[in-house]
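For reference, the chains in residue letters:
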Amino acid sequence: WETSCEKMPRVQRRSGSVDGACTPAEEYMSSLGYSEAEINKAKSRYGQRFSPDVTSKIKPFCRFFSDLGMNDVEICKLVMNYPMVFRWSLETNLKPVVKWLSAMGMNDMQVAKTIGKFPTLLGFSLEENLKPTVQWLVALGMSETQVGKAIL
């Protein structure tokens with residue numbers, strides 16, 4: 001994932017920054033090939049200075065999504081549309097939701113497709129939102145497999 005991206009030019013200054021300098025997150029995303037417009041879109045949706053840690057957030061998250069089967073374009077789309085994903089914990093939020101979706105009968109590609117369509121799922125609490133919703137649908141007569149297919 002990083003090898004092809006290391007060839008991309010690195011940006012030293014970014015218009016729209018308070019001091020004209022890139023945050024490490026902006027610089028890294030630029031090195032991955034994100035355009036200035038895409039980075040500005042992510043910054044505006046992030047809601048504060050866009051500065052998730054490159055080593056502990058951006059790289060592991062992108063690797064995680066890539067391992068699920070998402071390609072660079074899908075990961076870029078996810079980040080541009082829902083950069084808040086970097087505010088969550090990979091271990092506490094993302095992995096449990098992915099594991100739960102898999103337990104509902106989805107394979108990795110289906111999980112990746114679902115996350116791509118509905119990235120907000122990653123921010124929902126399993127215990128307070130997702131599981132009770134599925135339990136309610138099951139109580140209405142749907143199987144967990146049917147619920148999983150409905151999500152797709």
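Values in this document were obtained by computation on a predicted structure and should not be read as measured data. (Residues numbered from 1 in each chain as written. Predicted model: local features only at pLDDT ≥ 70, side-chain atom pairs only at ≥ 80, totals over all residues. Heavy atoms only, no water.)

(A) Summary view of the packing of aromatic side chains. All told, the structure shown has three aromatic pairs when counted by the stated rule. An angle of 50 degrees between the planes, with centres 5.7 Å apart, marks the rings of Phe-61 and Phe-86 as tilted. Of this pair, Phe-61 sits in helix H4 (residues 54-68) while Phe-86 sits in the loop between helix H5 (72-81) and helix H6 (90-103), placing them 25 residues apart in sequence. In this structure, Phe-61 and Phe-86 share a single accessibility class: buried. Aromatic side chains Tyr-82 and Trp-88 sit 5.5 Å apart centroid to centroid with 40 degrees between the ring planes, which places their arrangement in the tilted category. (Phe/Tyr/Trp six-rings, centres within 6.5 Å; stacked < 30°, edge-to-face > 60°. Helix = DSSP H or I, 4+ residues; strand = E, 2+ residues; numbered from the N terminus. Buried < 20%, exposed > 50% of the residue type's maximum accessible area, 1.4 Å probe, protein only.)

(B) Representation of the pattern of salt bridges. Here the structure, examined in full by the defined rule, presents two salt bridges. Between Lys-95 and Glu-91 there is a salt bridge, with its nearest N and O atoms 2.8 Å apart. Separated by four residues within a single helix, Lys-95 and Glu-91 lie in helix H6, roughly one turn from each other. Classification of Lys-95 by relative accessible area gives partly exposed; the value is 33%. For the salt bridge of Glu-127 with Lys-131, the shortest nitrogen-to-oxygen distance reads 2.9 Å. Here Glu-127 pairs with Lys-131, and both are found in helix H8 (residues 126-139), just four residues apart, close to one helical turn. Judged by relative accessible area, Glu-127 falls into the exposed class, the value being 55%. By relative accessible area, which is 29% here, Lys-131 ends up partly exposed. (Salt bridge = Lys/Arg side-chain N within 4 Å of Asp/Glu carboxyl O.)

(C) Representation of the state of the cysteines. By the definition in use, this model includes zero disulfides. Between Cys-76, a cysteine without a disulfide, and Cys-62, which holds the nearest cysteine sulfur, the sulfur-to-sulfur distance is 9.3 Å. (Disulfide = S-S within 2.5 Å.)

(D) Quick peek at helix H3 (residues 36-46). Ile-39, Ala-42, Lys-43 and Tyr-46 are the residues of H3 that are buried. For H3, the angular spread of the buried residues around the axis is 100 degrees, confining them to a single face. When the buried face of H3 is taken as reference, the exposed residues oriented beyond 90 degrees from it are Ala-37 and Ser-44. (Arc of directions from axis to C-beta.)

(E) Layout of the confidence of the model for the protein. This prediction gives the protein a mean pLDDT of 77; 83% of its residues lie at or above 70. For the protein, the element scoring lowest by mean pLDDT is helix H1 (residues 2-5), at 36; H6 scores highest, at 90. With pLDDT under 50 throughout, residues 1-19 is counted as low confidence; its partners more than four residues away or in other chains account for 42 contacts. (pLDDT = per-residue confidence, 0-100. Contact = heavy atoms within 4.5 Å.)

(F) Spatial organisation of H4. Here H4 spans 20 Å end to end across 15 residues, near enough to the 21 Å set by a 1.5 Å rise per residue. Taken residue by residue, H4 has Val-54, Lys-57, Ile-58, Pro-60, Phe-61, Cys-62, Phe-64, Phe-65 and Leu-68 as its buried positions. Buried residues in H4 make contact with helix H2 (24-31), H5, H6 and helix H7 (108-117). Downstream of H4 by one or two residues, Gly-69 has phi in the positive range, about 115 degrees. (Expected span 1.5 Å × (residues − 1).)

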